[in-house]
Amino acid sequence: ASRDIRRRTMACTATRVNTFAKASTRARGATLRRQVSTAAPVTAKAALLGDDLSILSAAVEKAELTGALTGDKPLTVFAPTDAAFAQVCEDLQLSKEEVLGLESLADILTYHVVDGTVTSADLKNGEVPTLNERFALDVVGNTVNGANIVKADDTIGNLTVHRVDQVMFPPWSAPAKVLTPQQVLAFEGWAPEVINGRLAMLGFLTAVVQEIATGQSFTEQLGSNFGVFAAQVQLWAFASLAPAFSSNEGYTANPFTMEDSRTWREVFKGGPWGPEARKIFNAQTEQLNGRAAMVGIVSLIAVEAFMGHALF
């Protein structure tokens, strides 16, 4: 009898355990369903954390702009990919952390955002105002500030996203591309011919004026004023090279890339060196004048050596 009582007691206990387990499972399932049904909707912030936009997402959070990009207000973002940020790190010789630590980070990011919904079909050649307010973007065909749109018209919450292959910097927001001395001074680099051409133009003009004034040939002037000549060479070389190794705030020293620098274009605004003037007085014109001056100096020395006296 006692064994029957123990069996009935164990059976009741097992039934209670099974009933409790089933109830617990139902309760957990209901809780999970409530959690899923009440989960926060996907926002622009979460969507920006895509595989190829992770650095941009980190930059948005670092600059505390997440709130500005979320909500009901439609915005259009020209979103640099992670590869674009990697290229910036290489060009500026900065780490990712240093790029995200730039004081101008918020200005740079808002420069990529346009108010309203702008699809790829809506893009027209010309300037497009940005949330940066100070500077607009230049749209030409399928490019924005020279950056290619590699994927267009993604919709992420309130955002229309166009992926671009470059980080676009407004003027005075970041250093220019940093070049090593080897790149600048190499035979195929921009500096040797530019500096020699500038020295040749200065030297040829000075030689002709001095010949007319003193009657001395070029070689006679060089011999009697070698110290002045050497000082001029050093001064002009330093003036041309110094900016190349600082590249501060977008000021490139390479005359062949100045026209592409938005910082220099802002400097030229309102001055005598407008777009039309720069079409005439440009790096290619300086290069031709420099080459002509170098040929002129060599010819002047050869003619005067043959004549035995100053040409002028």
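Structure report, in brief. Here the structure is a predicted model, which means the values were calculated and not measured.

With respect to the environment of Gly250
Here's step 1: Inspection of the secondary structure puts Gly250 in the loop between helix H11 (226–246) and helix H12 (262–268).
Here's step 2: The exposure class of Gly250 is buried, given its relative accessible area of 12%.
Here's step 3: Non-local contacts of Gly250, meaning those with residues more than four positions away in its chain, are made with Ala174, Pro175, Ala176, Ser261, Thr263 and Trp264.

With respect to the nonpolar core
Here's step 1: With 28 residues, the main nonpolar core has Leu56, Val60, Ala79, Phe85, Leu109 and Val167 as its most contacted residues.
Here's step 2: Counting residues per element, the ones that place at least two in this core are helix H3 (54–62), strand E1 (75–80), helix H5 (82–92), helix H6 (96–100), helix H7 (105–110) and strand E7 (159–164).
Here's step 3: At 5 residues, H5 tops the list of elements feeding residues into this core.
Here's step 4: Not counting residues up to four positions away in its chain, the partners in contact with Phe85 are Ile55, Leu56, Pro80, Val99 and Val167.
Here's step 5: Membership of the second largest hydrophobic core comes to 14 residues, among which are Leu123, Val128, Val139 and Val144.

Digging into helix H14 (residues 283–307)
Two residues of an α-helix separated by three or four positions point the same way, owing to the 3.6 residues in each turn.
Here's step 1: Taking 1.5 Å per residue, 25 residues should reach 36 Å; H14 reaches 36 Å between its end C-alpha atoms and fits that length.
Here's step 2: Residues Ala283, Gly290, Ala293, Gly296, Ile297, Leu300 and Glu304 constitute the buried set of H14.
Here's step 3: Summarising the contacts, the buried residues of H14 are in contact with helix H9 (191–214) and helix H10 (218–224).
Here's step 4: You can read the cap of H14 off the contacts: a side-chain oxygen lies 3.2 Å from the backbone nitrogen of Gln284, and it is on Asn282.

Description of the sheet that holds strand E3 (residues 126–128)
Here's step 1: Spatial ordering of the open sheet is given by E2-E1-E7-E6-E5-E4-E3, a layout of 7 strands whose pairing is mixed. Of all strands in the sheet, those with a lone pairing partner are strand E2 (113–115) and E3, marking the two edges.
Here's step 2: Bridging between strand E5 (residues 143–144) and strand E6 (residues 147–156) involves 2 bridges; their strand directions are antiparallel. Pairing of Thr143 across the sheet is with Asn148, part of E6.

Some words on a nonpolar patch on the surface
Here's step 1: Together, Ile212, Val303, Phe306, Met307, Leu311 and Phe312 line one region of the surface with nonpolar side chains, adding up to about 640 Å² of accessible area.
Here's step 2: With 3 residues, H14 is the largest single contributor of residues to the nonpolar patch.
Here's step 3: Structurally, the position occupied by Phe306 is in helix H14.
Here's step 4: With relative accessibility at 76%, the residue Phe306 sits in the exposed group.

Regarding the packing of aromatic side chains
Here's step 1: Applying the stated criterion across every chain yields a total of 2 aromatic pairs.
Here's step 2: With 6.4 Å between their ring centres and 50° between their planes, Phe135 and Trp172 make a pair best called tilted. Linking Phe135 in the loop between E3 and strand E4 (137–140) with Trp172 in the loop between E7 and helix H8 (181–185), this pair joins segments that are 37 residues apart in sequence.
Here's step 3: Judged by its relative accessible area of 10%, Phe135 falls in the buried class.
Here's step 4: Relative to Phe268, the ring of Trp264 has its centre 5.8 Å away and its plane inclined at 25°; by these criteria the two rings are stacked. Residue Trp264 and its partner Phe268 are located together in helix H12, separated by 4 residues, close to a single helical turn.
Here's step 5: On the accessibility criterion, Phe268 (16% relative accessible area) is buried.

Rules used in this analysis
Residues numbered from 1 in each chain as written. Predicted model: local features only at pLDDT ≥ 70, side-chain atom pairs only at ≥ 80, totals over all residues. Heavy atoms only, no water. Helix = DSSP H or I, 4+ residues; strand = E, 2+ residues; numbered from the N terminus. Buried < 20%, exposed > 50% of the residue type's maximum accessible area, 1.4 Å probe, protein only. Contact = heavy atoms within 4.5 Å. Core = buried A, V, L, I, M, F, W, Y, C linked by side-chain atoms within 4.5 Å. Expected span 1.5 Å × (residues − 1). Polar contact = N/O pair within 3.5 Å; in protein donor to acceptor, adjacent residues only side chain to side chain. Pairing = 2+ DSSP bridges. Patch = residues over 30% accessible without salt bridge, like charges linked within 9 Å, V, L, I, M, F, W, Y side chains within 5 Å. Areas by Shrake-Rupley, 256 points an atom, 1.4 Å probe, with all protein chains shown as cover. Salt bridge = Lys/Arg side-chain N within 4 Å of Asp/Glu carboxyl O. Phe/Tyr/Trp six-rings, centres within 6.5 Å; stacked < 30°, edge-to-face > 60°.

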